[in-house]
Amino acid sequence: MSKPAARPPTHEIRLIGGRWKRTKLPVPDLPGLRPTLDRVRETLFNWLGQDLSGWRCLDAFAGTGALGLEAASRGAQHVMLLERDPRLVQQLRAVLQRLQGAEAVQVVCTDALAWMRRCEPQRFDLVFLDPPFAAGLFGPALREAVRLVPPGGWIYLESADAEPVDLEGLGLEVWREQTAGAVRFRLLRRLH
C-alpha cells in the first residue's frame, strides 16, 4: 500500500472586524506567504476607520486575502484581490463562496505588477501592498500603486523594517507608521 501524498501544513487566521468577523482563512505553508498579523490589521483599520462603505480597494499581493477581505467585511463597495499562485487563487475563491454578500470581491489570477501597469489611473481609494519580502517588489509596486489612487487616496505598505522607500519622490506622505517585530507598516497618503 502506498502512502498518501503529503500535504503542506495549514494553519488559520481570522478576520477581526465587520460583518465577517471571526471568519477563518486558511494559511498554507507556502514560500513567501506571510499573512498580516491580527494586531497589525486591527491597528490599520483603526487608522482607516471601521466603516469603509463606498470605498474601492485593491489587495495587490493578496495571499490569504486577509487585507482585502477585512476591507470588504467593513463595507467596501469593490475589492479586487490579485494573486499569481493558482493554489491561493483557488483557496480565495472557495472562501468567497462560503461568505454571504461577497459579490463585491473579485479574485484575479495574475502578476500584480503587470496588472497594475495596465490598470486605469485613480481607480481605487485604497491599495494594499504586502509583497513577499525577499522578492524586491516594494519600489516597483509602490510606483505602480501611486497612480492607481487619486490625490488624497491611501496606500498601505507592509515591508521589512530596513526596506528603504523614497516616498517624497513619489508624492506620498506617511500618515501613520508602526513596527511589529521586523515588520514596518505604513499608511501613506497621495499628496498630488
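See the structure shown above.
Residues numbered from 1 in each chain as written. Predicted model: local features only at pLDDT ≥ 70, side-chain atom pairs only at ≥ 80, totals over all residues. Heavy atoms only, no water.

*Asks:* Explanation requested: the packing of aromatic side chains in the structure shown.
*Replies:* How two aromatic rings sit relative to each other is set out by the distance from centre to centre and by the angle between their planes. Here the structure, examined in full by the defined rule, presents 5 aromatic pairs. Look at Phe45 and Phe128: their rings are 6.3 Å apart centre to centre, the planes differ by 45°, and that puts the pair in the tilted class. Note that Phe45 is positioned in helix H1 (residues 38-48) and Phe128 in strand S6 (residues 126-129), a separation of 83 residues in sequence. The buried category is assigned to Phe128, whose relative accessible area is 0%. Considering the side-chain rings of Trp47 and Phe185, the 5.5 Å spacing of their centres and the 25° angle between planes classify their relative orientation as stacked. With Trp47 in helix H1 and Phe185 in strand S9 (residues 183-190), the pair connects residues that are 138 residues apart, well separated along the chain. Judged by its relative accessible area of 11%, Trp47 falls in the buried class. On the accessibility criterion, Phe185 (2% relative accessible area) is buried. Connected via pairs of aromatic rings, a cluster forms that spans Phe45, Phe128 and Tyr156. In this arrangement the basic side chain of Arg74 is found over the ring face of Phe45, its NZ or CZ atom lying 4.3 Å from the centre. (Phe/Tyr/Trp six-rings, centres within 6.5 Å; stacked < 30°, edge-to-face > 60°. Helix = DSSP H or I, 4+ residues; strand = E, 2+ residues; numbered from the N terminus. Buried < 20%, exposed > 50% of the residue type's maximum accessible area, 1.4 Å probe, protein only. Lys NZ or Arg CZ within 6 Å of the ring centre and 35° of its normal.)

*Asks:* Just checking my understanding: could you explain the layout of surface pockets for this structure?
*Replies:* Any space left empty among the atoms is revealed by the rolling of a water-sized probe across them. What the largest pocket holds in volume is close to 500 Å³. Residue lining of the largest pocket: 31 residues in total, with Gly32, Phe61, Gly63, Glu83 and Pro132 positioned closest to the centre. Counting only elements with at least two residues in the lining of the largest pocket, the list comes to helix H2 (66-73), strand S4 (78-83), helix H3 (86-98) and helix H4 (112-118). Of the residues in the lining of the largest pocket, the class split is 17 nonpolar, 6 polar and 8 charged. (1 Å grid on protein atoms, 1.4 Å probe; cavity = no way out; pocket = protein on both sides within 12 Å on 5 of 7 lines; lining within 4 Å. Points joined across faces, edges and corners; volume = space filled by probe spheres on them. Nonpolar A, V, L, I, M, F, W, Y, C, P; charged D, E, K, R; others polar.)

*Asks:* Sorry, what's going on with the sheet that holds strand S5 (residues 105-109) here?
*Replies:* Within a beta sheet, neighbouring strands are joined by backbone hydrogen bonds and run either parallel or antiparallel to one another. Judged by pairing direction, the sheet is mixed, and its 7 strands sit side by side in the order S5-S4-S3-S6-S7-S9-S8 without closing on themselves. Only two strands of the sheet have a single neighbouring strand rather than two, namely S5 and strand S8 (172-180). Each strand of the sheet is rotated relative to its neighbour by a mean of 15°, with strand direction disregarded. As defined by bridge partners, strand S7 (residues 154-160) adjoins S9 across 7 bridges and the pair is classed as antiparallel. Residue pairing in the sheet places Tyr156 in a bridge with Leu187 of S9. Across the sheet, H2 lies against strand S3 (56-59), S4, S5, S6 and S7, angled at about 170° from S4, the strand it touches most. Helix-sheet contacts for helix H5 (residues 138-146) involve S6, S7, S8 and S9, and the interaxial angle to S7 is about 180°. (Pairing = 2+ DSSP bridges. Axes fitted to C-alpha atoms, helices over the stretch in contact; angles between N-to-C directions. Contact = heavy atoms within 4.5 Å.)

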